[in-house]
Amino acid sequence: MSLLNRIILTAVALSGVGHAADAQDQPVELGPMEVRGSSAGLPQQRQPGSRLSGDELRMKASATLGQTLSEELGVSNASFGPGVGLPVLRGLTGSRVRLMQDGIASHDASTVSPDHASSLEASLAEEIQVIRGPAVLEYGGGAIGGVVNLIDNRIPETLPARPVTGTIEGRYASNGDARTTSFRLETGQGLVALHADGFYRRSSDTEITGDALDIDALIKQFGADDYITSADVIENTDAQAHGGSLGISLVGNLGFAGAAVNRYENDYGIPPGVHVDLGVVQHVRIQAAQTRYDFKAELHDLGDAVPELSLRTGYVRYAHDEFEAGSPGTQFNNEAWEAQLALKHVTRPWSADAPVKGTAGVQLLDRNFSALGVEAFVPESTQKMLGSYLIETLEIQDWRLEVGARAEVQQVTQHASIECVGLNTRFHRDRSEFTSLSVSGAAHRRILPTAWLSLSMSHAQRAPDIQELLACGPHLATQTYDLAFSFSGVDTGGLEQETFNTLDIGLHWDATWFSLQLNLFYNQVDHFIYQRNLSSAANGPFYNPEKRLFQGTCASASQCFPLMQYTQQDATLTGYETELEWPLLETAANNWLMSLFSDHVHARLENGEAVPRMPPMRLGTAVMLRRSHLNAELRLTHAFKQGDTGENETATAAYNLFNASLNYNRSLGATTKATVFFNARNLLNEEIRNATSFLRNYAPEPGRSFELGVRLEL
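Residues numbered from 1 in each chain as written. Predicted model: local features only at pLDDT ≥ 70, side-chain atom pairs only at ≥ 80, totals over all residues. Heavy atoms only, no water.

### Quick notes on the overall build of the chain
Regarding its fold elements, the chain presents 7 helices and 39 strands. In terms of overall dimensions, the chain has C-alpha extents of about 75 × 55 × 50 Å along its principal axes. Each of the 714 residues in the chain was classed as buried or not, and the buried ones make up 57%. Sequence separation of at least 24 residues holds for 68% of the intrachain contacts in the chain that already meet a minimum separation of 6. On the chain, roughly 27,800 Å² of surface is accessible, and the fraction owed to carbon and sulfur atoms is 57%. Treating the 54 positive side-chain charges of the chain as one cloud and the 83 negative ones as another, the clouds have centres 4 Å apart. (Helix = DSSP H or I, 4+ residues; strand = E, 2+ residues; numbered from the N terminus. Buried < 20%, exposed > 50% of the residue type's maximum accessible area, 1.4 Å probe, protein only. Contact = heavy atoms within 4.5 Å. Areas by Shrake-Rupley, 256 points an atom, 1.4 Å probe, with all protein chains shown as cover. Lys, Arg positive; Asp, Glu negative; His and termini not counted. Charge placed at Lys NZ, Arg CZ, Asp CG, Glu CD.)

Have a look at this one:
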C-alpha cells in the first residue's frame, strides 16, 4: 500500500503539467514491445509478430479476436461457430497464448474450452499487438506460445490534446444482419484525465454455403448416420453482446496513476451439431458476464539509472452459464487477481556510449475457478503463481544483444473431489506444484544499410492449466467427454510441465524497390500437452449422455461424445512466415502495391502422428492502393488441404478466400475526421471448413458477407 500511496501522492503534487513533454516522454506501456525494443536504427519487427492500429485495425475488426487477426502472418482463427474465435499463433492456442488487456490477462474462461468466447473487444481497441518468440518471457508460462495484447487506453496515460476527443462508429454486415455500434470519449482538465467507451453488437443466424453438417465426414468419424442438418444457415448462431468502461487518471510531469472499471456481457448460441433429443434439435446457449477493475501507475525519470517504475493490477469476476433448451447445465466461474511490478534500469558497465538497458519485474496471480452444475467437468480449484524475471539489452554499433531469464512457481489446489460420470469413480488431488525456469537470448545484426538478420533461442517451461490437470466428465457444449485422469480409473499423478526449446531466425529487408519479411522457427517440445481423441468409429469408446455410460459404437449421433484425454508426449513444431511487397506503380497521387505472402506450421508428435487441429499452409497475394484519403485492397488467400490430421480426426478441403476492402476519410473542420469503410469477405462464397476448429464438421465458416461502416473522430 505504501508504494500505491507514493505513486498517487506524487501525481497529485505535480504542477505545471507539460502536455507536449508528456506526449514525448511517456511512451504507452507496451509490455512485450519493450522487451523487443524500439531503437531508431532497428526495424519495427525484428522478432516475429505484428501490430494492428488505425485504419487497418478498423477495417479488420470483427466480432471475435481470432477473426480480427486471422489475416496476420502466422495467425489463424480457432472458431467455434461465429460467436467464438480465438487466435492461434503458429499452431498454438488456449493455455499457451496469453490474451491480455493492456498487459493484464483477460481472465475469462477462453483458455478452458474452445467454446468459450474471449471478453476482449476489438471494436474498442486502439491497437492490438501480436508477440511471439523470446519476448514473451515477461508474461510467464501462459504466454509460451505468444501474446495478444489489446490496448484501449481505458486508463489514460496522458491528458488529451484537446478538451474533448473521441470516436463514434457504426457498422452493418449483410451476413447474419449483424450490427455493431461503439464509442470512445476522452476529456481532462488540470491533473485529471477521463475515459469512457462502450459497444453494442447484435446478429442473427449465420449464412453459409451448403449444409451446416459435413455428414460424410461425421459418418467416417463416428459411424452413426442419423444426422439432422440445416441448409444455407447455421441454426442457433445468433448473438448479442454489449459492454463498456469508465477510467480516470491523475497525470503529471513525472508520471500518472489511474483506475478503470469494465463491464462485459455476451449471449451467443452454439451450432447445434448432434444435440438431438427424440428427433428434435436442442439448442445450447452461453450467457457470459464479466466485471473487471484495473489500476495502473508509472513514475518516470527517477534517476539516470532508473528511468521508469510501473505497477499494474487487475481484479476480474467472470461467470457464464450454459443452457440446453432453456435449462441451465453448467456454470463456469473465474475470479482472478493479478499484479505486475516492473523496474526499468540502465547501467554502463563498459562505456557511456554502450548502456545496458533492462527490465526487472515481479508478477503475482491468485485465481479461483469452478465449473458447477449437472454437467460440471472441472472441480472448484485455486491457482496461485509467483514469477520474477530479468531482461537485459545492449546496443552497440550494428548489433543488438538481448538476454533474459524468468523463474515461476505455480500451485493448483483442488478443493473438492470430482465424480467422473460414466467411470464410476471419484478423483481428488489436494495440491499440484510446479517450478518453471525459462531463459532466452537473441542477437540482431545489421547486414546491409536496410537489412537486419535476427537469431533468437529460448528454453521455456509451462505448468499445466487447471482443466489439463483436473477435467473429468462430459462437456455438453463441445459434445465431448474431457478427461485429465486415466480412463482405467487409476490416478496416475497428473501431467508434467512442458518445455519448449525454440530457435527463431528472422530477416527484415527494406530495399528501394521491395520489402521482405521472413521468419523461420523450430520448436522442440518435451512433454507436449494435448487433447488426444481416443474414440474411433470402429472401436469407440463413446460416451452416451442419455445412459451416462461408455459404449463401443455409436447407435445414434446424439449418443456419440468422443473421449478427449489430456495427455502428453514430445513434439516438434516447425514452420515459416514470409511476405514480399513491392510497388506496382507510383505517381504523385497514387501508390499501387502488390504483395505475396505465405505461412505454414508442421507439427508432429514423437510417435509420428500429427498434432491435432493444426492450420493448413496458406499462400496468397494482395493488391493495394494507397492515396492521401483512400486505401483499398484486394486479397486472395489459398489454404491448402489439411490432410495431416490428428488421431481420429478428419481432413479439411482446400479453399480460396477472396476479400476486398475500401477505406475513405475526409476532414470535417480542423479537429474532426469522417471515415467510410467497406469490407467484402468470402466473395467467392466458398464452403470453408476450419482445420483448427473442434466444429469443423458441424459448422463451416460464414459465407459471403458485405459490411459497411462509418466512423467519426473528434
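### A closer look at the state of the cysteines
A disulfide bridge is the covalent bond that connects two cysteines by way of their sulfur atoms. For the structure on display, the rule yields 2 disulfides. Here cysteine 420 pairs with cysteine 472 through a disulfide, and the sulfurs are 1.8 Å apart. Because the torsion about its S-S bond is 130°, the bridge between cysteine 420 and cysteine 472 counts as right-handed. Of this pair, cysteine 420 sits in strand β23 (residues 418-420) while cysteine 472 sits in strand β27 (residues 472-475); the two residues are 52 residues apart in sequence, bridging distant segments of the chain. Assigned by exposure class, cysteine 420 and cysteine 472 land together as buried. Each sulfur of the disulfide joining cysteine 554 and cysteine 560 lies 1.8 Å from the other. Once the bonded cysteines of the chain are numbered in order along the sequence, the disulfide links fall as 1-2, 3-4. (Disulfide = S-S within 2.5 Å.)

### Regarding the environment of histidine 638
Here histidine 638 is to be found in strand β36 (residues 630-639). Between the alpha carbons of histidine 638 and glutamate 169 there is a distance of 32 Å; along the sequence they are 469 residues apart. A polar contact is formed between the side chain of histidine 638 and the backbone oxygen of tyrosine 655, at a distance of 3.5 Å. Here the side chain of histidine 638 touches asparagine 656 through a polar contact of 2.7 Å, side chain to side chain. (Polar contact = N/O pair within 3.5 Å; in protein donor to acceptor, adjacent residues only side chain to side chain.)

### Concerning the environment of leucine 57
You can see leucine 57 is positioned in helix α4 (residues 54-60). C-alpha of leucine 57 to C-alpha of threonine 68: the two residues are 11 residues apart in sequence and 8.1 Å apart in space. Dropping the residues within four chain positions of it, leucine 57 is found in contact with Leu52, Thr68, Ala125, Glu126, Glu127 and Ile128.

### A short note on the packing of aromatic side chains
Scanning the entire structure with this criterion turns up 15 aromatic pairs. With centroids separated by 5.4 Å and ring planes inclined at 65°, the aromatic side chains of tyrosine 543 and phenylalanine 550 adopt a geometry described as edge-to-face. Among the residues examined, tyrosine 543 registers a relative accessible area of 1% and is labelled buried. Taken together through their ring pairs, the aromatic side chains of Tyr481, Phe487, Tyr543, Phe550 and Phe561 make up a single cluster. Directly above the aromatic system of phenylalanine 597 lies the positively charged group of arginine 635, at a separation of 4.1 Å from the ring centroid. (Phe/Tyr/Trp six-rings, centres within 6.5 Å; stacked < 30°, edge-to-face > 60°. Lys NZ or Arg CZ within 6 Å of the ring centre and 35° of its normal.)

### A few points about the pairing of strand β39 (residues 705-713)
Note that strand β8 (residues 164-173) and β39 share 7 bridges and pair antiparallel. Bridge assignment links alanine 173 to a residue of β39, and that residue is glutamate 707. In this structure, strand β38 (residues 673-681) lies alongside β39, joined through 9 bridges in antiparallel fashion. Counted as the bridge partner of threonine 675 is arginine 711 from β39. (Pairing = 2+ DSSP bridges.)

### Things to note about helix α6 (residues 215-222)
By the burial criterion, the buried members of α6 are Ala217, Leu218, Gln221 and Phe222. Across the axial projection of α6, the buried residues extend over an arc of 110°, all falling on one side. In α6, the exposed positions that point more than 90 degrees away from the buried face belong to Asp216 and Lys220. The inward-facing, buried residues of α6 contact β30 (515-533), β31 (542-544) and β33 (561-586). Glycine 223 occupies a position one or two residues after α6 and carries a positive phi of about 100°. (Arc of directions from axis to C-beta.)

### Quick word on the environment of valine 439
Here valine 439 is to be found in strand β25 (residues 431-448). For valine 439, a relative accessible area of 44% puts it in the partly exposed group. In the structure, valine 439 is positioned 34 residues away from alanine 405 in sequence and 4.2 Å away in space, judged by C-alpha atoms. Not counting the four nearest positions on each side in its chain, valine 439 is found in contact with Leu137, Gly404, Ala405, Met457, Ser458 and His459.

### Notes on unusual backbone geometry
Looking along the chain, the bond that leaves glycine 540 and enters proline 541 is cis, with omega of -5°. Counting through the fold element by element, proline 541 comes out in the loop between β30 and β31. Of note in the backbone geometry, histidine 527 takes a positive phi value of approximately 60° without being a glycine. Relative to the elements of secondary structure, histidine 527 occurs in strand β30.

### Structural notes on the nonpolar core
In terms of nonpolar packing, the biggest core is built from 78 residues, with Leu69, Ile128, Val148, Phe222, Cys472, Tyr481 and Phe485 touching the most fellow members. If we ignore the near neighbours within four places in the chain, the residues touching phenylalanine 485 are Ile418, Phe427, Arg429, Leu469, Leu470, Ala471, Cys472, Asp491 and Gln565. Counting residues in each nonpolar core, the second largest holds 15 residues, with Ala460, Phe500, Val525 and Leu605 among its members. (Core = buried A, V, L, I, M, F, W, Y, C linked by side-chain atoms within 4.5 Å.)

### Thoughts on the sheet that holds strand β1 (residues 49-53)
Taken together, the 5 strands give an open sheet; going across it, the order is β1-β6-β7-β4-β5, and neighbouring strands pair in mixed fashion. With partners counted over all chains shown, the strands left at the sheet margins are β1 and β5 (104-105), one partner each. Sheet topology places strand β6 (residues 127-131) next to strand β7 (residues 146-151); 5 bridges connect them, and they run antiparallel. Within the sheet, the bridge partner assigned to valine 130 lies in β7 and is valine 148.

### Here's the deal with a nonpolar patch on the surface
On the surface, Ile447, Leu448, Leu453, Leu455, Met457, Leu503, Ile505, Leu520 and Tyr522 cluster together into a nonpolar patch covering about 740 Å² of accessible area. When residues of the nonpolar patch are traced back to their parent elements, those giving at least two are β25, β26 (451-462), β29 (498-510) and β30. Per-element tally for the nonpolar patch: the top contributor is β26, with 3 residues. Along the chain, the position of methionine 457 falls in strand β26. (Patch = residues over 30% accessible without salt bridge, like charges linked within 9 Å, V, L, I, M, F, W, Y side chains within 5 Å. Salt bridge = Lys/Arg side-chain N within 4 Å of Asp/Glu carboxyl O.)

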